[in-house]
Structures are given as structure tokens and as C-alpha cells.
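In case you want the letters, here they are:
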Amino acid sequence: MEKELRLMKGNEAIAEAAIRAGVDAYYGYPITPQSEVMEYLTEQQPEDRTGMVVLQAESEVASINMIYGAAGAGKRAMTSSSSPGISLMQEGLSYMAGAELPCVLLNVVRGGPGLGTIQPSQADYFQSTKGGGHGDYHLITLAPSSVQEMYDFLKISFELAEKYRNPAMILSDGAIGQMMEKVILDEQVPRRTEEEIIKDFPWASTGKKNRERNIITSLELDPAKQEQVNLNIQKKYREIEEKEVRFEKVQCDDAEYLLVAYGTSARLCQETVKLARDKGIKLGLLRPITLYPFPMKEIASMVEKQVKGVVSVEMSAGQMIEDVKLAVNGKVPAEHYGRFGGMIPSPEDILEFMEKQIMGG
Amino acid sequence: MAEVKEDIKKPENLVYKKTDLMTDKTLSYCPGCGHGVIHRMTMEVLEEMGLEEETIGIAPVGCSVLAYEFMNVDMQQAAHGRAPALATGIKRVFPEKTVFTYQGDGDLAAIGTAETIHACNRGENITIIFVNNGIYGMTGGQMAPTTLEGMKSSTTPYGRDTKKMGHPLKMTELVATLPGTCYVTRQAVHKPGAVRKTKKAIKKALEYQKAEKGTSFVEVVSNCSSGWKMTPVQANKWMEENMFPFYPLGDIKKPEK
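Because the structure is predicted, anything quoted here is derived from the model rather than measured. (Residues numbered from 1 in each chain as written. Chains lettered and ligands numbered in written order. Predicted model: local features only at pLDDT ≥ 70, side-chain atom pairs only at ≥ 80, totals over all residues. Heavy atoms only, no water.)

Scanning chain A from terminus to terminus reveals 15 helices and 15 strands. Against the compact-globule benchmark of 21 Å for 361 residues, chain A has a radius of gyration of 21 Å, which places it among compact chains. Principal-axis analysis of the C-alpha atoms gives chain A an extent of 70 × 50 × 45 Å. Out of the 361 residues belonging to chain A, those deemed buried represent 59%. (Helix = DSSP H or I, 4+ residues; strand = E, 2+ residues; numbered from the N terminus. Rg over C-alpha atoms; globule rule 2.2 N^0.38 Å. Buried < 20%, exposed > 50% of the residue type's maximum accessible area, 1.4 Å probe, protein only.)

Here it is in C-alpha cells:
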């Protein structure tokens, strides 16, 4: 069968992906630059298409807690927001990580801090990959760099979130959310029936029919038991770090110098690699697709084998560089280059920085 | 120890049986506290209505944070004030299930005000059980949104001064003004007659939920002998003399026939 092809905005693509992936509920609150997600969903009337529920909540605090409820009942629930709204959801995310509930969030990142700007940014890396709320936890974080990936990562994120019973974050930005590209759509996946939920998620609170009651909670007052809860969660994270790392390499086979960049920055860095190659510089790009788990081992092995210097390019004041430096472990120079507050670096500027700060030094 | 006569165990001599929907776990509440009775009434109604296999309850943050330890149905524990959002999230994807929240005054009327008002305003088909004892019990007796004027608490040691600390909030009257609520009532559990009325009110509330009439809201004015620094008997007397005049008992809103 011929694939269905459509020209779509990133924000629309993920909304369509949600319907087709058999998502049960979207609970959200408007914020620029991602409001198209809920607008597209309400326009599509997914209640008629698949039975998917869409509800505009009174705040991001309410939407993430609606997600908690639906996820606790074994349903596929998601939300989307942009940076200030995601900050408001941190409480709910911490509770969900503690209660081991799966869900998917989309953050169409804008510049901060505070109300900041509505222009694209990558300054929420720490918040997404290091936990964001209180307590020891991580969000499984995927970074799309195209509209197609906005579409594809929705289903992958749900699969990971459900496999590990942990919230997953799609960390996008204002540029990828707003830009239009062609998207290959896949076929409709039916929503899980109640019988399937009970089979797939025996822990879910669906009503205690033919079983003992199920409790969804992140509370454990006995410190010895709470430590065990944490150990169990940490064990999951070690497994995620072992099995779920995803990345893409561009011209890395013979690379002597390496750019590490995700999302919009990675698109710019592809151009930088071309410019460098034209000048005879053996530059490659490693694009982390999962930011948590971060491709530590891959970067470390490239540094071990061939790479003489690394630049981490990010639309932030320097966040991912901390993980890059951990991977490089002081063996070769590693520096951050970035623009922020809604500004986007140019491929030429990135190359200039590489030449002066890494190759010249 | 006195010998238990075998006769007493015969079914015809049975005058009271604990509902199977209360677990055997010892309640964590202080002596004289109303929570235990309100828990039991809620569970008895669910059992009598045969709803235990399709019910999902939401426990709050506060003294009743451990409600899920005692209520023998599927339960979710919410962040402080967020129970109505959880209940919304569940009910929208499982409209045929019975969903209730069990919340205290700090949870429902302070930190969760927005979630409460908007769930009620959307007319979510859920039942909210609101236990109002005018104080934060779990954290050690601080002022609640419902603390009466002049009432002492650990953060109003000289009494609540409404000029500085605002006025006690009548959340139940407030939600009764919203078109989404169908049944709004205020009850108590300090005397057997009041307990029976509370049980009836909870039953009505759940019946309206099953009939998809909108949000049903049952406030239960209760005591906090530890927080109020009184004996349970004194606390109930003080509640009758001071809480009931400000929070009068009875139905505030009923569905139109």
C-alpha cells in the first residue's frame, strides 16, 4: 500500500501521530509556540475518529495531574506545552516518576528564563534530562530534529514510557514545532481495550474486578522501604542507559573533529560539516536522539579512537556540554558553543568557533 | 480473659459487620477523629450499591493521605490539591467507572482551589467528599482556609485575624453556584443521627454520579481534637457551638427533577 504523505507543521504532525498511535487522552493548556497541537486535535474531533479524549485544562498543573489519573488507570495519556508550562508540570512529573506511571509530554522549547521569549531555544536540557522536579528521577528524553521525527517519536516515546513505566519527554523547540515539512503517515493503531489494559498493565487502577485492589502512589513513609523504591527505580534507569541509547552519526567515519548537537542545532551543524569538508577539515556530527539516556559510550569511544576535539552546539548557555565533558573525560578539548534567548547560531559561526577554539588551540 | 460464648457467633446474633471495603489495617487517625467514620460510610455505600469492582478513589495529601491503606478499592494518591484533576483524567477515559475524591480543607480549599472549582464547573461526573475540620491536621495544626475568625492554630497563635489572614472560605456554598454541580450538601458525623444523614448524602451523591448529573459534592464538617487541643468530647461540643453556625448543615443544592 502506498504511504500517505502530507505537508504538516511539527505541532500538527505530533497531534496526528497521537490519534494514529491510539492515544486515549490529551489534556493540555495553550501556550505559544505549541498551541497548534490542541487546536489540531480539537479540529480533528478524535473522539469520533478513535474515541480519543481531548480536554483543555485550567492550567498545566491540572493537565499533568489529569495525565497522572488517566495513566494510573492504564490509559495512553499525553500533554504538550512550552517551557514555562513545563515548569509548572514538574510536580506532577516527579509524582508520576515516583508512582512509576507512563506518559508522553512534548516540550516545544522557547527561550527563558521566566516568560522569556516565544522564539526557539534549547535551554530546557537540564530540566528534561536531569529530572526537573524533586527527587531522584529522569525523564526518558527524545529530541526530534525534523517534522517526520516529531511524528515518529510520539509512538516510540509511548513504547519506551510503557516499557519502563516512566514519563517520556519529546524535547523539541519552537522552530521544529512551527516549521512545515512532508511527513509520511502510518496506519491507525486501535486504542487498547479495557481487557488489553488489564492484561498489559496489571498494576493499573481499573476497578478491583477478580483481583486485590491496586494502589497508585509515590508515598512510602518507611525509609528502608523508600530506599528500596528508589533502588528499583534506579535499576530501571541503568537498564535504560544500557539498552535505549539512540543517536545518528553524520560523516563520522574519518572525523578528526566532532560536533555534538541535537534538534534544530543538529540541522545547522549538518551544514557546518559540509562547509568544513569543503575546506578539507575532517569534521563529523554526532546527533544524540535520546538525550536521556545520553550517548556517553559512543562519544567516549570516538574520542578514544580518532577525535582530537569536540564542540557541543546548543541553543543555550551550555547545558549538554556537561554530559559531553563527562563522556570526553578530559582526554581532548571539549567546548560549548551556543546562542540563546531565542537566537539561532549560523553554520559559519559554528565552524569559526571550532577552528579558533579547538583546532587553533 | 472472659470466655467468648459460641452462641454469640451465630449469624442470627450478628448486629453489625464491618464492610469488606474497609481493610483490617489499624486507622492512623487520632482518637475521636471523624475520618474513620467518614471512610466507613463511604465504603459501606459503595458496597451496598455494589460498586466496588468499578470504583477508583483518589486520596489527597493531609491526614487522609493514607486513605488508600484503609479503603479496600482501587485507589490513586494525588499530589496536594490535585485530586479533582486526577479524577477528571480517569473519568474522561473511563466514563462508566465510579470515581470519587476524598479531600481535606487545606487540600481542597487552599492549594487545590483551582482544580476543585474547574472540575465542578466542567460538571465532571465525579463525587467529591470534602472533610472540613478548619485546620491542617497532618502538618501539626496550622491555619486552614476554613479556620474560623478568632480561632487559634499553630500559625494563628493569637487567633485568626481576618484583616491580616483573610476570611474563612465557604467552598461548598461557592461550588453550589456553579452550573456543573448537581448535588451539594454539608453534613457531620458527631452523632449517630448525623452519621446516618452523611451516609444517605454520600449515597445520593454516588447515585447522581451514576445518573451522569454532574459533580456531586459532600462536605462533612468534622473535628480535630489534636489540632484544636481539646478532648474528643470537647471538640465535638466546640464544633457544634462554633463550626455549625458558620458552616450550617443541610443540602445546599439538589438536582432539578
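Let's pick the thread back up.
Turning our attention to the nonpolar core. It is characteristic of soluble globular proteins that their nonpolar side chains tend to be buried jointly. Counting residues in hydrophobic clusters, the biggest one holds 122 residues, and the most contacted among them are Tyr 27, Leu 154, Val 260 and Val 310 of chain A. A total of 10 residues in this core trace back to one element, the largest contributor, which is helix α8 (residues 147–164) of chain A. When residues are assigned to domains, this core turns out to be shared by domain 1 (4–196) and domain 2 (248–359) of chain A, each giving three or more. Core analysis: the second largest hydrophobic core is formed by 33 residues, Phe 70, Val 73, Ala 201 and Val 218 of chain B among them. (Core = buried A, V, L, I, M, F, W, Y, C linked by side-chain atoms within 4.5 Å. Domains from an automatic or database assignment.)

Let us now look at the side chain of Arg 82 of chain B. Looking at the secondary structure, you find Arg 82 of chain B in the loop between β2 (74–77) and α3 (83–93). In this structure Arg 82 of chain B comes out as buried when scored by relative accessible area, which is 10%. Separated by 3.2 Å, the side chains of Arg 82 of chain B and Glu 115 of chain B make a polar contact. What Arg 82 of chain B contacts, discounting residues up to four positions off in sequence, is Val 61, Asn 65 and Glu 91 of chain A together with Ile 111 and Glu 115 of chain B. (Polar contact = N/O pair within 3.5 Å; in protein donor to acceptor, adjacent residues only side chain to side chain. Contact = heavy atoms within 4.5 Å.)

Glancing now at the pattern of salt bridges. Residues and elements named next belong to chain A. Inspection of every chain in the model, using the stated rule, returns 47 salt bridges over all chains. Here Glu 239 ties to Lys 243 by a salt bridge, and the two come within 2.9 Å at their closest N and O atoms. Taken as a pair, Glu 239 and Lys 243 lie in helix α11 (residues 223–243) at a separation of 4 residues, close to a single helical turn. Accessibility expressed as a relative area gives 32% for Glu 239, which makes it partly exposed. (Salt bridge = Lys/Arg side-chain N within 4 Å of Asp/Glu carboxyl O.)

Turning next to the interface of chain A and chain B. Listed by partner, the interface residues are 36 residues for chain A and 38 residues for chain B. Each partner contributes to the roughly 2800 Å² buried at the junction of chain A and chain B, and carbon and sulfur atoms together form 56% of this total. Of all residues in chain A, Glu 58, Lys 208 and Arg 213 of chain A bury the most surface against chain B, accounting for 22% of the area lost on that side. Applying the counting rule to chain A against chain B returns 4 salt bridges. A salt bridge links Glu 58 of chain A to Arg 122 of chain B, with the nearest nitrogen and oxygen atoms 2.8 Å apart. The set of elements that each furnish at least two residues to the side of chain A that touches chain B consists of β2 (25–28), β3 (53–56), α4 (60–72), α6 (90–99), α10 (194–200) and β9 (215–216) of chain A. (Buried area = accessible area lost by both parts, 1.4 Å probe.)

Attention now moves to the pairing of strand β7 (residues 167–173) of chain A. Residue and element names in this part refer to chain A. For β7, the tally of buried residues reaches 7 of 7 residues, placing the bulk of the element in the interior. Looking at chain direction, strand β5 (residues 103–109) and β7 are connected through 7 bridges and run parallel. Within β7, the position partnered with Val 104 by the bridge is Ala 168. Alignment of strand β6 (residues 140–142) against β7, held across 3 bridges, turns out to be parallel. Bridge assignment links Ile 140 to a residue of β7, and that residue is Ala 168. A crossover connection joins β6 to the parallel β7 through α8; in handedness this β-α-β unit is right-handed. (Pairing = 2+ DSSP bridges. Right-handed = clockwise from strand over helix to strand, strands pointing away.)

Before going further, it helps to examine the domain arrangement of chain A. All names here are of chain A. Domain parsing of chain A yields domain 1 (4–196) and domain 2 (248–359). In this assembly, 28 residues from domain 1 lie in contact with 24 residues from domain 2. Buried area between domain 1 and domain 2, both sides added, is near 2100 Å², and the carbon and sulfur share of it is 53%. Of all residues in domain 1, Gln 122, Tyr 125 and Phe 126 give up the largest surface area on contact with domain 2, accounting jointly for 34% of the area buried on that side. Here domain 1 and domain 2 share 3 salt bridges between them. Salt-bridge contacts for Asp 323 lead to Lys 130; the nearest nitrogen and oxygen are separated by 2.7 Å. The interface formed by domain 1 and domain 2 includes 17 residue pairs in polar contact (both at pLDDT 80 or more). Across the side of domain 1 that touches domain 2, the residue classes break down as 14 nonpolar, 9 polar and 5 charged. (Nonpolar A, V, L, I, M, F, W, Y, C, P; charged D, E, K, R; others polar.)

On to helix α8 (residues 192–210) of chain B, then. All names here are of chain B. Here α8 contains 19 residues, and its C-alpha end-to-end distance of 27 Å stays within 8% of the 27 Å for a straight helix at 1.5 Å per residue. Within α8, the full set of buried residues consists of Ala 194, Val 195, Thr 198, Lys 199, Ala 201, Ile 202, Ala 205, Leu 206, Tyr 208 and Gln 209. Those residues of α8 that are buried lie in contact with α1 (35–48), α3, β3 (98–104), β4 (127–132), β7 (181–188) and β8 (215–221). In the segment just after α8, Glu 212 is the residue with positive phi, at about 55 degrees. (Expected span 1.5 Å × (residues − 1).)

With respect to the element layout, Glu 219 of chain B can be found in strand β8. If we skip the residues at most four places from it in the chain, Glu 219 of chain B touches Phe 130, Asn 132, Thr 172, Thr 185, Arg 186, Gln 187 and Tyr 247 of chain B.

What follows is about the sheet that holds β9 of chain A. Sheet architecture is open: 8 strands sit in the order β9(A)-β2(B)-β1(B)-β3(B)-β4(B)-β8(B)-β7(B)-β9(B), paired in mixed fashion. Every other strand in the sheet has two partners, leaving β9 of chain A together with β9 (250–253) of chain B as the edge strands with one partner each. Looking at chain direction, strand β1 (residues 55–59) of chain B and β3 of chain B are connected through 4 bridges and run parallel. Within β3 of chain B, the residue paired with Ile 58 of chain B across the bridge is Thr 101 of chain B. Against the sheet, α8 of chain B engages β3, β4, β7, β8 and β9 of chain B, with an angle of about 165 degrees to β7 of chain B. (Axes fitted to C-alpha atoms, helices over the stretch in contact; angles between N-to-C directions.)

This paragraph deals with the packing of helix α1 (residues 10–20) of chain A against helix α2 (residues 36–44) of chain A. How two helices pack is summed up by the angle between their axes together with the distance between the axes. All names here are of chain A. Running from amino to carboxyl end, α1 crosses α2 at an angle of 45 degrees, the nearest separation of the two axes being 8 Å. Regarding the angle of α1 to α2, the classification is oblique. Once α1 is placed against α2, the crossing between them reads as right-handed. Listed contacts from α2 to Asn 11, Glu 12, Ile 14, Ala 15, Glu 16 and Ile 19 of α1 are Glu 36, Val 37, Tyr 40, Leu 41 and Gln 44. Here the contact of α1 with α2 is composed, by residue class, of 6 nonpolar, 2 polar and 3 charged. (Parallel < 35°, antiparallel > 145°, perpendicular 65-115°, else oblique. Left-handed = near helix turned anticlockwise from the far one by under 90°.)

The next thing to look at is the environment of Gln 251 of chain A. Residues and elements named next belong to chain A. Tracing the backbone shows Gln 251 in the loop between β10 (247–250) and β11 (257–260). Gln 251 sits in the partly exposed class, given a relative accessible area of 42%. In sequence terms Gln 251 and Gly 132 are 119 residues apart; their C-alpha atoms lie 34 Å from each other. Excluding residues that lie within four positions of it along the chain, Gln 251 makes contacts with Val 273, Arg 277, Leu 283 and Gly 284.

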